[in-house]
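An overview of the molecular structure
Listed here are the chains, written in short residue letters.
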Amino acid sequence: MIRARSTRSIALACWLGLPAILAIPAAADAQSAEERGRRIAEEARERDRGFGNFTASQTMVLRNKQGRESRRQLRIKVLEVADDGNKSLFVFDEPRGVKGTALLIHSHREGPDDQWLYLPALKRVKRISSSNRSGSFMGSEFSYEDLGAPEVEKYKYRYLKDEACGELECSVVETVPVEKGSGYTRQIVWRDKDELRVWKIAYFDRKNAHLKTLALGKYQRYLDRYWRASEMTMENHLTGKSTIMRWSDFAFRARLSDRDFSQSSLKRVR
């Protein structure tokens, strides 16, 4: 049956005036590119599995088109969850106007993430709906969607090429969100081939325009295995604005539990 179909496909290609060799290999190459792209993402996840949890500090620098800057100080907690997405908690300490504001994320391998924002001025927890995840996170160039864990199952993949990225060799993979509510049509991801660390992501909006680029750098390895970037810069190509996240004070396998990532815990953060 397969041979008969192949023969008919080649015959059709010849009838259309196309080289017969293009009839079958094109589909095979496309499938191979999809499988290779997903395999890279799955291997990267496997290498990061088992970290347990960590805490960190973060300085967020917001820069407008004219170069003027404002700064915010945050604390981060992340809990690894078996067979599902991670749980993350972002707590603002400075400046005074946003002190106590907290964002809780329960990422999921399938379906939209659950996200809640605690606003101390109102003393209430607000759920972030799926339709609002493309909105700006606290005035930064990072959206709520950007802050969730990039679970493998939430994307379709296509390997594009290998190319140099600085002194390293990177695999370039196109990822397409499965969820219809995503603010992006696709992303292009650069990972180095040795350690599978992400060095750059290009984001394309719903009109397929190149909206933003995220550059990651100053990687450090923890527990002799887990790589974390110390600096992330998100540049918005439409507005000219950018946001830098500088990470520090990573501490792995702290005393964290599910109770630290509940909705009720948001009102108790200090």
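Since the structure is predicted, the reported quantities are computational estimates derived from the model, not experimental observations.

This paragraph deals with the state of the cysteines. Summed over the entire model, instances satisfying the criterion amount to one disulfide. Disulfide pairing is shown between Cys165 and Cys170; the S-S distance is 1.8 Å. In this structure, the disulfide formed by Cys165 and Cys170 twists by about 70° around the S-S bond and is classed as right-handed. Residues Cys165 and Cys170 agree in their burial class; the two are buried.

Let's shift gears to the confidence of the model for the chain. Atomic detail in the predicted coordinates should be set aside for any region of low pLDDT. Here the chain averages 89 in pLDDT, and 88% of its residues register 70 or above. Contacts of residues 1-28 to residues separated by more than four positions or lying in other chains number ten contacts, the stretch itself having pLDDT below 50.

Attention now moves to the side chain of Lys212. Structurally, Lys212 can be placed in strand β11 (residues 210-222). Note on Lys212: relative accessible area 4%, which makes it buried. A distance of 3.0 Å separates a polar atom in the side chain of Lys212 from a polar atom in the side chain of Tyr184.

Let us now look at the pairing of strand β4 (residues 102-106). Residues in a regular strand project their side chains so that they alternate between the two faces of the sheet. Counting buried residues along β4, five of its five residues qualify, which places the element largely inside the surrounding structure. Here β4 shows no split at all, with Ala102, Leu104 and His106 on one side and Leu103 and Ile105 on the other all buried. As judged from the five bridges shared by strand β3 (residues 87-94) and β4, these two strands associate in the antiparallel manner. Bridging across to β4, Lys87 finds its partner in His106. Across five bridges, the pairing between β4 and strand β5 (residues 114-119) is antiparallel. Across the sheet, the residue bridging to His106 is Asp114, located in β5.

With that out of the way, let us pick up the packing of aromatic side chains. Two aromatic rings, taken as a pair, are described by how far apart their centres are and by the angle between their planes. This model, assessed by the stated rule, comprises 16 aromatic pairs. Between Phe54 and Phe252 the ring centres are 5.2 Å apart and the planes differ by 35°, which places this aromatic pair in the tilted class. Of the two residues, Phe54 is situated in strand β1 (residues 53-63) and Phe252 in strand β13 (residues 242-252); the sequence distance between them amounts to 198 residues. The buried category is assigned to Phe54, whose relative accessible area is 6%. What makes Phe252 buried here is its relative accessible area of 15%. With a centroid separation of 6.2 Å and an interplanar angle of 15°, the aromatic rings of Tyr226 and Phe252 are classed as stacked. Taken as a pair, Tyr226 in strand β12 (residues 226-236) and Phe252 in strand β13 lie far apart in primary sequence, 26 residues in all. In this structure Tyr226 comes out as buried when scored by relative accessible area, which is 3%. One aromatic cluster is present, formed by Phe51, Phe54, Tyr222, Tyr226, Trp247, Phe250 and Phe252 through successive ring pairs.

A separate point is the pairing of β13. Here β1 pairs with β13 via nine bridges, running antiparallel. Within β13, the position partnered with Arg63 by the bridge is Ser242. One ladder, built from five bridges, connects β12 with β13; its direction is antiparallel. When the bridges of β13 are listed, Glu231 appears paired with Arg246. In sequence, β12 turns back onto β13 through a hairpin of five residues, with Gly240 there showing a positive phi of about 80°.

As a further point, take the pattern of salt bridges. Summed over all chains, the structure comprises 22 salt bridges. Across the pair Glu42 and Arg38 runs a salt bridge, and its minimum N-O distance is 2.9 Å. Here the residue Glu42 and the residue Arg38 both occupy positions in helix α2 (residues 25-48), the gap between them amounting to four residues, near one helical turn. For Glu42, a relative accessible area of 30% puts it in the partly exposed group. Judged by its relative accessible area of 31%, Arg38 is partly exposed.

Conventions we followed
Residues numbered from 1 in each chain as written. Predicted model: local features only at pLDDT ≥ 70, side-chain atom pairs only at ≥ 80, totals over all residues. Heavy atoms only, no water. Disulfide = S-S within 2.5 Å. Buried < 20%, exposed > 50% of the residue type's maximum accessible area, 1.4 Å probe, protein only. pLDDT = per-residue confidence, 0-100. Contact = heavy atoms within 4.5 Å. Helix = DSSP H or I, 4+ residues; strand = E, 2+ residues; numbered from the N terminus. Polar contact = N/O pair within 3.5 Å; in protein donor to acceptor, adjacent residues only side chain to side chain. Pairing = 2+ DSSP bridges. Phe/Tyr/Trp six-rings, centres within 6.5 Å; stacked < 30°, edge-to-face > 60°. Salt bridge = Lys/Arg side-chain N within 4 Å of Asp/Glu carboxyl O.

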